[in-house]
Amino acid sequence: TFNGRGYFADLFRRMQWTKLANELRLRSKAYNRKWLISLVTEGILPNIPAPLVKPVPFIAKRHPAYRFGQDLPFPEHLRPDFAALIKSVSQYPREGAYDVPGIHTMQRRLLKHGHITFRMESWYAHGQGLGITYRYPLTDKRLLEFALSIPEELFFKNGWRRYLFRRSLDDILPPDLQWRQSKRD
């Protein structure tokens, strides 16, 4: 059900302006978003290396690398002893989580990122105390290979994220649920 991150940046990089403009227009209708902001933040900026936009603060704060906390300062309002404790705890790697051009490139980066492993380990540890055994069928190698072989256009189409997944639910879910805009209950 990948959401298509990296698609706009890839269309921009490959100079497919008409397709990019059409998808942005359709998405602005489907999700009530401003197309120009999406063009800049999801189409243009991921194609520019973070160090080149870092000197320009009002642009840098919209760069995908900045949004994932790589350049964010540590909160100053914390007590120094508590801040030192937090800094001493090693976190899973964050590098590579920000958007880059290409859906398959983005999928591979996220698989290597570490957040899935971190989530699986934390769920396993939490479940042990409750007598729950978690299983992860969506991490099967064959399924991941299949997901990485799906044409990129099927992840984002006609303005809709997760397009292939949504279409696969035809005649299974009511259309208002199938084509909803958010994950809210």
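In what follows, the accompanying structure is described.

Cut-offs used in this document
- Residues numbered from 1 in each chain as written.
- Predicted model: local features only at pLDDT ≥ 70, side-chain atom pairs only at ≥ 80, totals over all residues.
- Heavy atoms only, no water.
- Helix = DSSP H or I, 4+ residues; strand = E, 2+ residues; numbered from the N terminus.
- Buried < 20%, exposed > 50% of the residue type's maximum accessible area, 1.4 Å probe, protein only.
- Areas by Shrake-Rupley, 256 points an atom, 1.4 Å probe, with all protein chains shown as cover.
- Salt bridge = Lys/Arg side-chain N within 4 Å of Asp/Glu carboxyl O.

### Concerning the overall build of the protein chain
Per the secondary structure count, the protein chain includes 12 helices and two strands. Reading the protein chain from its N terminus to its C terminus gives the helix and strand order α-α-α-α-α-α-α-α-α-α-β-β-α-α. Burial statistics for the protein chain: of 185 residues in total, 30% are counted as buried. A total accessible area of about 12,800 Å² is found for the protein chain, and carbon and sulfur atoms account for 60% of it.

### A closer look at the pattern of salt bridges
All chains considered together, the criterion is met by eight salt bridges. We note a salt bridge from Glu-42 to Arg-27, for which the minimum N-O separation is 2.6 Å. You can see Glu-42 sitting in helix H3 (residues 35-44) and its partner Arg-27 sitting in helix H2 (residues 17-31), a full 15 residues away along the chain. Relative accessible area serves as the criterion here: at 16%, Glu-42 is assigned to the buried category.

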